[in-house]
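A structural walkthrough
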Amino acid sequence: MKEQKIRLIVSDLDGTLIPEGTQQVEDGFFDVLEELLDRGYLFYAASGRQYANIRRLFDRFADRIGFVCENGALAMERERMQYILEIPWEKARAIAEDMMSFAETDICLSGVKACYIKPRSQWFENQMLNVLRNETRLFESLDDIDDRIVKLAVYVYDFPKNAARIRAFLEERYGDYADFVRGGNDWLDMILKHSGKGPALQAVLREKGLKPEEMLVFGDNQNDISMLELTPNSYVMEHSSEDVKRHAAHTTGSVTATLREILMKS
């Protein structure tokens with residue numbers, strides 16, 4: 001059978017294209033991206049981050065690439081919504097109230113227009129507003145939020161100590177509706193059943209008339225598994241845990257280096 005040519009490249013951000021604990025894309029990546037786009041490849045950034053945040057990060061390429069945001073709840077291309085998976089408000093409210101019941105968490109409700117926080121610490125407020133630079137609005141009451149909610153997540157302070165207990169509680173109450181998985185940098189992300197980056201990318205593939213074999217993906221964490229399993233051309237980072245590595249065909253230490261190899265061969 002003839003090998004399919006790669007036409008779409010997708011990369012997770014935090015822990016994959018952005019080294020863990022930093023806010024900067026790998027050195028040299030944007031030069032590689034420009035060459036890929038000039039040669040006709042499609043590129044999507046796939047992240048748990050919000051659309052406004054990722055678009056800002058890829059500012060000079062924003063009208064040439066696509067975005068899978070909020071762990072796959074939203075897909076955008078050239079300011080056009082390709083896919084959305086909205087959480088009904090009453091369900092979102094109930095889960096948010098339970099997430100906020102833990103003293104060890106700070107919550108983020110992600111909507112189409114902004115993300116919404118009620119910070120317990122000055123550090124978290126600064127992280128969202130000035131480090132991640134999300135389009136962020138503070139709320140006093142959940143009733144203040146007027147948006148379509150697509151994702152909920154909690155930042156867990158002292159993650160190794162507290163995350164398992166919080167995750168077990170949420171899974172007991174909502175495990176038939178959603179999974180609660182570790183995202184980047186000590187976040188616990190809620191991913192609806194039968195959702196995630198994989199299903200969002202399936203919608204993109206259908207729209208583009210592409211096969212999974214024509215896509216190449218990079219990831220590093222549990223919230224990347226659904227897209228790693230979608231294609232045989234899947235790469236997981238060398239630092240990833242073994243339970244993530246087993247879902248990918250290859251490992252890599254650098255997205256940029258791997259893409260350079262692809263450019264040399266094409």
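These numbers were taken from a predicted model, which means no experiment stands behind them.

1. Digging into the pairing of strand 6 (residues 105–111)
Two faces make up the sheet, and in a regular strand the side chains alternate between them. When you tally the buried positions in strand 6, you get seven out of seven residues, the bulk of the element. Between strand 6 and the antiparallel strand that follows it, strand 7 (residues 115–117), lie three residues.

2. Some thoughts on the pattern of salt bridges
Counted by the stated rule, this structure contains 24 salt bridges. As a salt-bridge pair, arginine 173 and aspartate 98 come within 3.2 Å of each other at their nearest N and O atoms. Here the residue arginine 173 occupies a position in helix 5 (residues 159–174), and aspartate 98 occupies one in helix 3 (residues 89–100), the gap between them amounting to 75 residues. Taking relative accessible area as the criterion, arginine 173 reaches 48% and is therefore assigned partly exposed.

3. Digging into the layout of surface pockets
In this approach the atoms are scanned with a rolling probe the size of a water molecule, which exposes any empty space left behind. As a volume, the largest pocket reaches approximately 440 Å³. Around the largest pocket, the lining is made up of 34 residues, and of these Asp14, Arg49, Leu132, Gly184 and Trp187 lie nearest the centre. Listed by contribution, the elements that provide at least two residues to the lining of the largest pocket are strand 6, helix 4 (122–131), strand 9 (149–156) and strand 11 (187–192). In terms of residues, the lining of the largest pocket owes the most to one element, helix 4, which gives four residues. Among the residues making up the lining of the largest pocket, the classes are represented as nine nonpolar, 15 polar and 10 charged.

4. Quick look at helix 1 (residues 29–38)
Three or more residues of helix 1 are buried, namely Phe29, Val32, Leu33, Leu36 and Leu37. The buried residues of helix 1 occupy one face: seen down the axis, they fall within an arc of 135°. Helix 1 presents Asp31 and Asp38 as exposed residues on the side facing more than 90 degrees away from its buried surface. Looking at the buried positions of helix 1, the neighbouring elements they touch are strand 1 (8–11), strand 2 (42–46) and helix 9 (255–265). Once helix 1 finishes, glycine 40 follows within two positions and takes phi at roughly 100°, a positive value.

Parameters at a glance
Residues numbered from 1 in each chain as written. Predicted model: local features only at pLDDT ≥ 70, side-chain atom pairs only at ≥ 80, totals over all residues. Heavy atoms only, no water. Buried < 20%, exposed > 50% of the residue type's maximum accessible area, 1.4 Å probe, protein only. Helix = DSSP H or I, 4+ residues; strand = E, 2+ residues; numbered from the N terminus. Pairing = 2+ DSSP bridges. Salt bridge = Lys/Arg side-chain N within 4 Å of Asp/Glu carboxyl O. 1 Å grid on protein atoms, 1.4 Å probe; cavity = no way out; pocket = protein on both sides within 12 Å on 5 of 7 lines; lining within 4 Å. Points joined across faces, edges and corners; volume = space filled by probe spheres on them. Nonpolar A, V, L, I, M, F, W, Y, C, P; charged D, E, K, R; others polar. Arc of directions from axis to C-beta. Contact = heavy atoms within 4.5 Å.

Treat this as a map of the structure, not an account of what it does.
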